[in-house]
Amino acid sequence: MRVTIVGATGNVGTSVVSSLVADANVTSVLGLARRLPGWSPGKTEWRAVDVSTASTGDLAPHFEGSDAVVHLAWLFQPTRDPVTTWHANVLGSLRVFAAAARAKVPALVYASSVGAYSPGPKDRPVTEDWPTHGWPGAAYGREKAYVERALDSFEREHPDIRVVRLRPGFIFKRESATEQRRLFGGPFLPQRLIRPGLIPVVPDIPRLRFQAVHGDDIGEAYRLAVTGQVSGAFNIAADPAIDPAVLAELLGARRVPVPAALARGAACAAFRMRLVPAAPELFDMLLAMPIMDCSRARDELGWRPRHSAADALRDLLEGMRATAGMDTPPLSPQTGGPARLGELTGGVGRRP
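All values derive from a computational prediction rather than experimental measurement.

**Concerning the overall build of the chain**
Thinking step 1. When helices and strands are counted, the chain shows twelve helices and twelve strands.
Thinking step 2. Taken over the C-alpha trace, the chain has a radius of gyration of 19 Å; the compact-globule value for 352 residues is 20 Å, and the two agree within 12%.
Thinking step 3. When each of the 352 residues of the chain is scored for burial, the buried share is 56%.
Thinking step 4. Pairs at least 24 residues apart make up 79% of the contacts formed inside the chain by residues separated by at least 6 positions.
Thinking step 5. Of the roughly 14600 Å² that the chain leaves accessible, carbon and sulfur atoms contribute 56%.
Thinking step 6. Computing the positive centroid from 41 side-chain charges and the negative centroid from 35, the chain places the two 6 Å apart.

**Observations concerning the nonpolar core**
Thinking step 1. Judged by nonpolar contacts, the single largest core of 36 residues is most densely connected at Ile 5, Tyr 222, Ile 236 and Leu 301.
Thinking step 2. Of all the secondary structure elements, the ones that give two or more residues to this core are β1 (2-6), α1 (11-21), β4 (68-71), β5 (107-111), β6 (162-168), α6 (215-227), β10 (232-236) and α10 (295-301).
Thinking step 3. Each residue touching Tyr 222, except ones within four places of it in the same chain, is listed here: Val 12, Val 16, Val 70, Leu 72, Val 109, Tyr 110, Ala 111 and Leu 166.
Thinking step 4. Core analysis: the second largest hydrophobic core is formed by 35 residues, Ala 99, Val 147, Met 289 and Cys 294 among them.

**Remarks on helix α5 (residues 177-185)**
Thinking step 1. Burial runs high along α5: eight of the nine residues are buried.
Thinking step 2. Burial in α5 covers these residues: Ala 177, Thr 178, Glu 179, Gln 180, Arg 181, Arg 182, Leu 183 and Gly 185.
Thinking step 3. Looking one or two places after α5, you find Gly 186, whose phi comes out positive at around 85°.

**Focus on a nonpolar patch on the surface**
Thinking step 1. Residues Phe 188, Met 273, Leu 275, Leu 341 and Leu 344 make up a contiguous nonpolar surface patch of about 480 Å² in total accessible area.
Thinking step 2. Take Leu 275: it is sitting in the loop between α8 (260-272) and α9 (280-288).

Criteria and cut-off values
Residues numbered from 1 in each chain as written. Predicted model: local features only at pLDDT ≥ 70, side-chain atom pairs only at ≥ 80, totals over all residues. Heavy atoms only, no water. Helix = DSSP H or I, 4+ residues; strand = E, 2+ residues; numbered from the N terminus. Rg over C-alpha atoms; globule rule 2.2 N^0.38 Å. Buried < 20%, exposed > 50% of the residue type's maximum accessible area, 1.4 Å probe, protein only. Contact = heavy atoms within 4.5 Å. Areas by Shrake-Rupley, 256 points an atom, 1.4 Å probe, with all protein chains shown as cover. Lys, Arg positive; Asp, Glu negative; His and termini not counted. Charge placed at Lys NZ, Arg CZ, Asp CG, Glu CD. Core = buried A, V, L, I, M, F, W, Y, C linked by side-chain atoms within 4.5 Å. Patch = residues over 30% accessible without salt bridge, like charges linked within 9 Å, V, L, I, M, F, W, Y side chains within 5 Å. Salt bridge = Lys/Arg side-chain N within 4 Å of Asp/Glu carboxyl O.

Here it is in structure tokens:
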């Protein structure tokens, strides 16, 4: 197989590349990315492509001869400019889908998310037929939901193309630590101090319960989706669901009840003061998103995680303390500049 990956150098992309190149049935991987990496895995070639702009030209020539296209590219920042993220994430996805159709690729695998789901229960899991209208207050939820609707139309118009949507929970791995700190914690987060014993309390917030998966395991899920014959949507997450009790155990901290409104107010103040890049609407979405039932991934995709959700989060926290990363622009500790000056001069919540 020849596989083309759009957005191959980030947290998910590097895991997918690693899983695919380890598969004997995959003969070559073409990685498309806005900025070329120094990382050089076997069987892989790179091309600089920015799907967020029409000036890139037709994407179809990059897809020709591919047995599958995996679309992962997604722009989280600038969180303060949702028009820019809409152009990159929604219009960019539409360009990818249209080009895949023109190139007549047999399979299209898309990176959806638990964030595409409408608000749902935390005490019972929902299956893949739960509505995917997102959380309208957050740009991330709106964009993921819109792309889901676009894929609905794409499947009706191109029944000859096998379409797979993976909807994972939060994806953690050691190598993504610096990137995730930069995207969600910002330049003022002292990541070396995130260790058991140094964080005394964990806020016990109602509905603070979410799912996670290790980067290695999400890479395996994409490999199975690419090389198998499945289609449709698959929830991807490991046990247990992360809640204040799990966080307190990981950090050696005690739980302190905190009203959601108070926590939301603090997040809003920090965002307005440009102390953090994560918009408070992401906090709303976190509390609203449902817990997913992942049995279809197990039964039909044949996917079984090797890491627990707690292990994935622990790996991320250890990576933060070590300032871990990879030799790709999204994951490199150097991307934010010396002493994080690039993050500061670019404006917290904007692209450095």
